[in-house]
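For reference, the chains in residue letters:
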Amino acid sequence: MRLIYFAPVPYMSYWQRPHFMIRSLLGRTYREIYWIDPTITRLPRWSDLRRPEAKKEHLTAEPLLKGLHVLKPGGLPVEPLPGINLVNDYFSWRQIKSQLRALNVDQTWDIGIGRPSRLALWAVRSLPVRAAFMDVMDDFPAFYQGLSRASMKRTENALLEQCDYFFCSEQSLIGKLQQSGLRKPVNLVPNGYDMQRLPAISSSPKSNTIGFVGTIAGWFDWKIVIEMAKALPHVNIRLIGPRVGHVPLHLPTNIELLPPCLVADAIRHSQEFKVGLIPFLNNQLTESVDPIKYYELRALGVPVWSTAFGSMKNRLQEQGVSHIHSGADWQKLWASLPTTNPDMQHIQSFRDSHDWEQRFRDIPAWLGLASASRD
């Protein structure tokens, strides 16, 4: 069996859910996988005119897996524009379509889709594969505006009709698919973490720090973080990662902003936190989010303070997780943090249960059922 996979992120980026899924399936289910880097599915931005600089994490990306081939279709940011978007079909994608046809695709191939796109839709409609599946990691249209959102919704709806099987990272995504009228098999495959990259479980002392590592963008609840900082002036609040969009001026002096870092450095920072922070707004962007940082923090034995959003709404009563909200008793929350060493056995059990390999172990059987239903 072989797979053509339309990825939601470039292969040469820091490893995320798509990379670990493909690593799990390669060799076990598919002897060969063609990873198709994503096309631009929105309207153009001024930033498209600038040539992006190579990011440091790209230079340290893991080597290409054996049996994996990466194709880069390219194209212009015109997908939401009917008629004009045919420019990509005729000029940018002609070569990759020829490459895919030349692979002698037949009933020994599957197609996987990590994000809806016109190129992925062409492949599902045109190539005679055994089965097609979609890994739904987000409410895709919610990340777009105006014409781009309408275009993404149309493409997603067309793929719902064409694909045979669906995996969702969060329960609310399953509900949205079913509300849209989908009557095909859907399975919940939550996010996880690459536990192999974590250090041995340690009881090393923690710093007097509340910490966050990740992208700080429109979903970040600055109001609650500022409230927390003012209520706990003796505590350092360290926010690490790229900042996109608005950052409030005149932040409290105990809020420390650090630049993005590599994965190994993120783990080292997180190990030192007395408590890890996940301060996201509860809105359309986050209601379907299953944050990977939750798995990292819990696997390191770091307590978690989180707002109520996405999958975290159902985790606020778990051991090691506390709900934060505006008006919270911050002094009491800080005082209630454990002062004893974490339960090593509990942490190891969490690691065993939430490793990426564990997450994707049932996909081969599900895909077999999907292909049988198509016949």
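Residues numbered from 1 in each chain as written. Predicted model: local features only at pLDDT ≥ 70, side-chain atom pairs only at ≥ 80, totals over all residues. Heavy atoms only, no water.

1. Thoughts on the overall build of the protein
Phase 1: Counting its secondary structure elements, the protein contains 14 helices and 13 strands.
Phase 2: The C-alpha radius of gyration computed for the protein amounts to 22 Å, which stays within 12% of the reference 21 Å derived for 375 residues, consistent with globular compactness.
Phase 3: For the C-alpha atoms alone, the extent of the protein along its principal axes is close to 65 × 45 × 40 Å.
Phase 4: Pairs at least 24 apart in sequence give 71% of the contacts found in the protein among residues at least 6 apart.
Phase 5: Accessible area of the protein: about 17800 Å², with a carbon and sulfur share of 53%. (Helix = DSSP H or I, 4+ residues; strand = E, 2+ residues; numbered from the N terminus. Rg over C-alpha atoms; globule rule 2.2 N^0.38 Å. Contact = heavy atoms within 4.5 Å. Areas by Shrake-Rupley, 256 points an atom, 1.4 Å probe, with all protein chains shown as cover.)

2. Focus on the sheet that holds strand E10 (residues 255-258)
Phase 1: Taken together, six strands build an open sheet; the order of strands is E10-E9-E8-E11-E12-E13 and the sheet is parallel. The strands lining the two open edges of the sheet, one partner per strand, are E10 and strand E13 (321-323). The mean inter-strand angle of the sheet, taken between neighbouring strand axes irrespective of direction, is 25°.
Phase 2: Direction of pairing for strand E11 (residues 275-278) relative to strand E12 (residues 304-306): parallel, over a ladder of three bridges. Looking at the pairing, Ile278 lines up with Ser306 of E12.
Phase 3: Of the strands in this sheet, strand E8 (209-213), strand E9 (236-240), E10, E11 and E12 are in contact with helix H8 (residues 222-231), which crosses E9 at around 150°. (Pairing = 2+ DSSP bridges. Axes fitted to C-alpha atoms, helices over the stretch in contact; angles between N-to-C directions.)

3. Here's the deal with unusual backbone geometry
Phase 1: Although it is not a glycine, Asn104 adopts a positive phi angle of roughly 55°.
Phase 2: As for its placement among the helices and strands, Asn104 is situated in the loop between helix H4 (94-101) and strand E4 (109-113).
Phase 3: The phi dihedral of His250 falls on the positive side, at around 55°, and the residue is not glycine.
Phase 4: Examined against the element boundaries, His250 turns out to sit in the loop between E9 and E10.
Phase 5: Exposure remark for His250: the relative accessible area of 80% places this residue in the exposed category. (Buried < 20%, exposed > 50% of the residue type's maximum accessible area, 1.4 Å probe, protein only.)

4. A short note on the state of the cysteines
Phase 1: Throughout the structure, instances matching the rule amount to zero disulfides.
Phase 2: Here Cys163 stays unpaired: no disulfide links it, and the sulfur of Cys168, its closest cysteine neighbor, is 12 Å away.
Phase 3: Judged by its relative accessible area of 0%, Cys163 falls in the buried class.
Phase 4: Judged by its relative accessible area of 0%, Cys168 is buried. (Disulfide = S-S within 2.5 Å.)

5. Quick look at a nonpolar patch on the surface
Phase 1: Residues Leu76, Ile84, Leu86, Val87, Tyr90 and Phe91 make up a contiguous nonpolar surface patch of roughly 600 Å² in combined accessible area.
Phase 2: Position of Ile84 relative to the elements: it lies in the loop between strand E3 (68-71) and helix H3 (86-92).
Phase 3: Residue classification places Ile84 among the partly exposed residues on the basis of a relative accessible area of 46%. (Patch = residues over 30% accessible without salt bridge, like charges linked within 9 Å, V, L, I, M, F, W, Y side chains within 5 Å. Salt bridge = Lys/Arg side-chain N within 4 Å of Asp/Glu carboxyl O.)

6. Section: the pattern of salt bridges
Phase 1: Tallied over the full model, the rule gives 17 salt bridges.
Phase 2: With its nearest N and O atoms 3.6 Å apart, the salt bridge here joins Arg197 to Asp194.
Phase 3: Between Arg315 and Asp290 there is a salt bridge; the shortest N-O distance is 2.8 Å. In this pair, Arg315 is assigned in the loop between E12 and E13 and Asp290 in the loop between E11 and helix H10 (292-299), connecting sequence segments 25 residues apart. Side by side, Arg315 and Asp290 carry an identical accessibility label, which is buried.
Phase 4: Through salt bridges with shared partners, one network takes in Arg23, Arg28, Asp194, Arg197 and Glu357.

7. Brief notes about the sheet that holds strand E2 (residues 32-36)
Phase 1: The parallel open sheet is built from seven strands, whose spatial order is E3-E2-E1-E4-E5-E6-E7. A strand with exactly one partner marks an edge of an open sheet, and here the two such strands are E3 and strand E7 (186-188). Across the sheet, the mean angle from the axis of one strand to that of its neighbour is 20°, orientation sign disregarded.
Phase 2: Across four bridges, strand E5 (residues 131-136) lies against strand E6 (residues 165-168) in parallel orientation. Paired with Asp135 across the two strands is Phe167, which belongs to E6.

The values reported here are purely geometric and, on their own, carry no functional implication.
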